[in-house]
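# Fold and geometry: a report
Read off the chains here:
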Amino acid sequence: MNIPANLKYTKDHEWASLDGGIATVGITDFAQKELGDIVYVEVETVDQSLEKDEIFGTVEAVKTVSDLFLPLAGEIIEFNESLESDPEKVNKDPYGEGWMIKIKVADVADFDGLLSADDYKALIGA
């Protein structure tokens, strides 16, 4: 299972990377494997400011629909629109082309409060 050490994670199986004050967010390799074949990603919160742990969208797989939780408070500034026509990118490349949103982070110090790769591995028993 792929759990890159350079990313941060949440207990809800989202990952985040930080570049300046902008965070890129997606779901983890573990989450996409648990969900199975992803058929739709819905994010209708672009240009909205949300608090940490608020629902920013949903991911739909063949078997289930799961909420997506924001790992950091801030304004959602971009949705990966390529997922509208090719949601399988989340399965194929969850940490690359399968990213979901970009956030203008309210407080970059909050990034350090997310789980490290080792903490996330412990959470999922990897």
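Quick caveat: nothing in here was measured; it's all calculated off a predicted structure.

What follows covers the sheet that holds strand 6 (residues 55–61). One open sheet holds the 3 strands; their spatial order is 4-6-7, and the pairing between them is antiparallel. Every interior strand has two partners, whereas the edge strands, strand 4 (38–42) and strand 7 (65–69), have only one. Taking the axes of each pair of neighbouring strands and ignoring which way they run, one obtains an average angle of 25° across the sheet. Relative to strand 6, strand 4 runs antiparallel, the two sharing 4 bridges. Looking at the pairing, E42 lines up with T58 of strand 6.

A few words on the nonpolar core. Counting 26 residues, the largest nonpolar core has I27, V41, F56, M100 and I101 as its most contacted members. With near-sequence residues (within four places) excluded, V41 lies in contact with T58, V59, F79, L83, P87, V90 and M100. With 10 residues, the next largest nonpolar core counts I3, F30, Y95 and I124 among its residues.

Moving on, we come to the packing of aromatic side chains. What the rule picks out here adds up to 2 aromatic pairs. On the numbers, 4.9 Å between centres and 15° between planes, the contact of Y9 with Y120 is stacked. With Y9 in strand 1 (residues 8–9) and Y120 in helix 4 (residues 117–124), the pair connects residues that are 111 residues apart, well separated along the chain. Here Y120 falls in the buried class, since its relative accessible area comes to 0%.

Moving on to a nonpolar patch on the surface. On the surface, V39, Y40 and V62 cluster together to form a nonpolar patch covering roughly 280 Å² of accessible area. Locating Y40 in the fold gives a position in strand 4. The partly exposed category is assigned to Y40, whose relative accessible area is 39%.

With that settled, consider the environment of D12. Structurally, D12 can be placed in the loop between strand 1 and strand 2 (14–19). On a C-alpha basis, the gap between D12 and D53 in space is 8.9 Å, while along the polypeptide they are 41 residues apart.

Another aspect to go through is the pairing of strand 7. Strand direction decides the pairing type here: strand 6 and strand 7, joined by 5 bridges, are antiparallel. Bridging across to strand 7, I55 finds its partner in F69.

So, about the sheet that holds strand 2. Taking strand neighbours across the sheet as the criterion, the 6 strands line up as 1-2-3-9-8-5 in an open arrangement whose pairing is antiparallel. Strand pairing shows two members of the sheet lacking a second neighbour, strand 1 and strand 5 (49–50), which therefore form its edges. Both strand 1 and strand 2 contribute to a ladder of 2 bridges, which runs antiparallel. Within strand 2, the residue paired with K8 across the bridge is A16.

The backbone of D47 sits at a positive phi, close to 75°, despite the residue not being glycine. Within the secondary structure, D47 is located in the loop between strand 4 and strand 5. Looking at D47, the relative accessible area reads 58%, which means it is exposed. Non-glycine residue D53 carries a positive phi angle of around 75°. Considering the arrangement of structural elements, one finds D53 in the loop between strand 5 and strand 6.

About the thresholds
Residues numbered from 1 in each chain as written. Predicted model: local features only at pLDDT ≥ 70, side-chain atom pairs only at ≥ 80, totals over all residues. Heavy atoms only, no water. Pairing = 2+ DSSP bridges. Helix = DSSP H or I, 4+ residues; strand = E, 2+ residues; numbered from the N terminus. Axes fitted to C-alpha atoms, helices over the stretch in contact; angles between N-to-C directions. Core = buried A, V, L, I, M, F, W, Y, C linked by side-chain atoms within 4.5 Å. Buried < 20%, exposed > 50% of the residue type's maximum accessible area, 1.4 Å probe, protein only. Contact = heavy atoms within 4.5 Å. Phe/Tyr/Trp six-rings, centres within 6.5 Å; stacked < 30°, edge-to-face > 60°. Patch = residues over 30% accessible without salt bridge, like charges linked within 9 Å, V, L, I, M, F, W, Y side chains within 5 Å. Areas by Shrake-Rupley, 256 points an atom, 1.4 Å probe, with all protein chains shown as cover. Salt bridge = Lys/Arg side-chain N within 4 Å of Asp/Glu carboxyl O.

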